[in-house]
Amino acid sequence: GSILATWQRGGWVGVDLFFVLSGFLVSSLLIKEGLRTGQISLTRFLTRRGFKIYPGFYVLLATSIVLGYLLGEPYTTRQMFGDLTFTQNYLGGRWAHTWSLAVEEHFYLMLPLCFLILARWRGDMVKGFHWIPMIFIVAAIGCLALRIGMGWKVHSYGRYNVHFQTQFRLDALLMGVLLAYVYHCRAELFRSSAKYSRWFALAGVVGLTPAFLFAVDEYFTIQTLGLTLFYVASALLVTAMLHRPLPTSRPVMFLAYIGQHSYSIYLWHLPLIFWGLPALASAIGGASVAANLLFCIVGCPLFGIAAAKAIEFPALRLRDRWFPRTGKAFELSGEPTRSALPIPEAV
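None of the values given here were measured: they were computed from a predicted structure.

### Some words on the overall build of the chain
Okay, step 1: A count of helices and strands for the chain gives 17 helices and two strands.
Okay, step 2: For 347 residues, the compact-globule estimate of 2.2 N^0.38 gives 20 Å, and the C-alpha radius of gyration of the chain, at 21 Å, lies within 12% of that figure.
Okay, step 3: Viewed in the frame of its principal axes, the chain has a C-alpha envelope of about 65 × 50 × 45 Å.
Okay, step 4: The long-range share in the chain, meaning contacts at least 24 apart out of those at least 6 apart in sequence, stands at 77%.
Okay, step 5: With an accessible surface of roughly 17,300 Å², the chain has 70% of that area assigned to carbon and sulfur atoms.

### Thoughts on helix α14 (residues 220-243)
Okay, step 1: Between the first and last C-alpha of α14 there are 34 Å, a value that for 24 residues agrees with the 34 Å anticipated at 1.5 Å per step.
Okay, step 2: Largest kink in α14: about 50°, centred on glycine 226.
Okay, step 3: Counting buried positions over the 24 residues of α14 gives 18, a clear majority of the element.

### Here we look at the packing of helix α3 (residues 42-71) against helix α17 (residues 289-322)
Okay, step 1: The geometry of α3 relative to α17 is characterised by a closest axis approach of 9 Å and an angle of 155° between their N-to-C directions. As judged from the angle between their axes, α3 and α17 are roughly antiparallel. Between α3 and α17 lies a crossing of right-handed hand. Residue-level inspection shows Arg48, Arg49, Phe51, Lys52, Pro55, Gly56 and Val59 of α3 in contact with α17, the latter providing Ile311, Glu312, Ala315, Leu316, Leu318, Arg319, Asp320 and Trp322.
Okay, step 2: Partitioning the contact of α3 with α17 into residue classes produces eight nonpolar, one polar and six charged.

### As for unusual backbone geometry
Okay, step 1: We note that phenylalanine 86 has phi near 55°; this positive angle belongs to a residue other than glycine.
Okay, step 2: Structurally, phenylalanine 86 can be placed in the loop between α4 (77-84) and α5 (88-91).
Okay, step 3: Using a relative accessible area of 4% as the deciding quantity, one classes phenylalanine 86 as buried.

### Quick look at the pattern of salt bridges
Okay, step 1: Per the counting criterion, the structure on display carries seven salt bridges.
Okay, step 2: The partner of arginine 169 in a salt bridge is aspartate 16, with the nearest N and O atoms 2.7 Å apart. One end of the pair, arginine 169, is in helix α10 (residues 166-185); the other, aspartate 16, is in helix α2 (residues 14-37), and 153 residues separate them in sequence. Across the pair, exposure class does not vary: arginine 169 and aspartate 16 are buried alike.
Okay, step 3: Where arginine 94 meets glutamate 73, a salt bridge forms, and the shortest distance between an N and an O atom there is 3.2 Å. A residue pair is termed long-range when its members are at least 10 positions apart, and arginine 94 in the loop between α5 and α6 (99-122) and glutamate 73 in the loop between α3 and α4 qualify at 21 residues.
Okay, step 4: On the basis of relative accessibility, which here comes to 13%, the residue arginine 94 falls in the buried class.
Okay, step 5: Judged by its relative accessible area of 21%, glutamate 73 is partly exposed.
Okay, step 6: One network of salt bridges, in which partners are shared, links Arg48, Arg319 and Asp320.

### A look at the side chain of glutamine 223
Okay, step 1: By secondary structure assignment, the location of glutamine 223 is in helix α14.
Okay, step 2: The buried category is assigned to glutamine 223, whose relative accessible area is 2%.

### A few points about the nonpolar core
Okay, step 1: Formed by 60 residues in total, the largest nonpolar core has its most connected members in Phe107, Phe115, Phe129 and Ile132.
Okay, step 2: Sorting elements by how many residues they give to this core places α10 first, with 13 residues.
Okay, step 3: Excluding its chain neighbours within four sequence positions, the residues that come into contact with phenylalanine 107 are Gly23, Val26, Pro112, Leu170, Leu173, Leu174 and Val177.
Okay, step 4: In terms of nonpolar packing, the next biggest core, distinct from the first, is built from eleven residues, Trp12, Val13, Phe230 and Leu237 among them.

### Considering helix α12 (residues 197-208)
Every α-helical turn comprises 3.6 residues, leaving residues that sit three or four positions apart pointing alike.
Okay, step 1: Under the 1.5 Å per step criterion, the end-to-end length of α12 is 17 Å for twelve residues, consistent within 8% with the ideal 16 Å.
Okay, step 2: Every buried residue of α12 is accounted for by Ser197, Phe200, Gly204, Gly207 and Leu208. Across the axial projection of α12, the buried residues extend over an arc of 90°, all falling on one side. What points out from α12, more than 90 degrees from its buried face, is the exposed set Arg198, Trp199 and Val206.

Quick notes on the rules
- Residues numbered from 1 in each chain as written.
- Predicted model: local features only at pLDDT ≥ 70, side-chain atom pairs only at ≥ 80, totals over all residues.
- Heavy atoms only, no water.
- Helix = DSSP H or I, 4+ residues; strand = E, 2+ residues; numbered from the N terminus.
- Rg over C-alpha atoms; globule rule 2.2 N^0.38 Å.
- Contact = heavy atoms within 4.5 Å.
- Areas by Shrake-Rupley, 256 points an atom, 1.4 Å probe, with all protein chains shown as cover.
- Expected span 1.5 Å × (residues − 1).
- Bend = angle between axes of the 7 residues up to and from the residue.
- Buried < 20%, exposed > 50% of the residue type's maximum accessible area, 1.4 Å probe, protein only.
- Axes fitted to C-alpha atoms, helices over the stretch in contact; angles between N-to-C directions.
- Parallel < 35°, antiparallel > 145°, perpendicular 65-115°, else oblique.
- Left-handed = near helix turned anticlockwise from the far one by under 90°.
- Nonpolar A, V, L, I, M, F, W, Y, C, P; charged D, E, K, R; others polar.
- Salt bridge = Lys/Arg side-chain N within 4 Å of Asp/Glu carboxyl O.
- Core = buried A, V, L, I, M, F, W, Y, C linked by side-chain atoms within 4.5 Å.
- Arc of directions from axis to C-beta.

Quick look at the structure:
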């Protein structure tokens, strides 16, 4: 019980790790293209992102509309507009967990535009990339100031105030962009830090620990400086993984397999819990902790994997046929690396 309570208290910090990793993966695509060709294709980038994100998400929304109607659960016009326009982190949506998808979508729109503006300003795409550290510093200070200001303004430490909206969380994604810049544009510096990889991993774990000790709803510090600490800790963990060769053990391959299907698992886990647990309780004649855990730990991932194979992966195959990627995402000095980030469908 205490273990589950601790995980429930701090498991949300995985979003910060996801933001950093997503920022790294997505910006790597753009940085590699810019380094190789001297330009980036905004149309290709947004189209490929759309094939990744929209099919699974809009199938979820359609399912929510149909089941909501059949079960008498209203899907309000405001929620529908928020979901369809990826503004659910401001307006609210049908499912609480998709706020992070809205933040990601805003990031996908802003990042390539920022790179194009920098390239035009500096007269060269690569010279524009060298402004990434300064942009991160400004964003990190700005987002932290906004989180602190919002907390003092409303005299409330409620999560909604500083947890979901893009202007409060963009710094975590830009931390991943900064890491991608060092990885691709400052390769020697990145390689020289390999000797500290174990310390990075340890510091990352320690840095995430406060999330499991203090409830985010109750502590102003967790929602302000804490969010900064958590994305820095997440970046340290990602850096440590990048320095480690990819193991070939079955547990690692299993985690990589889950990672390939993680988007669909993420999309469907909350609706499955919302609809599935009552149905399960009705089927077995009452709620059961063991049955509920089995449903969440095994049933939700299995359904997500099936959804990925039925919806997400066919869309990605069409994407790669019609809008092929122009090059490999992860290289150092022209040599493909064997990092511990085997997530080919993540980007």
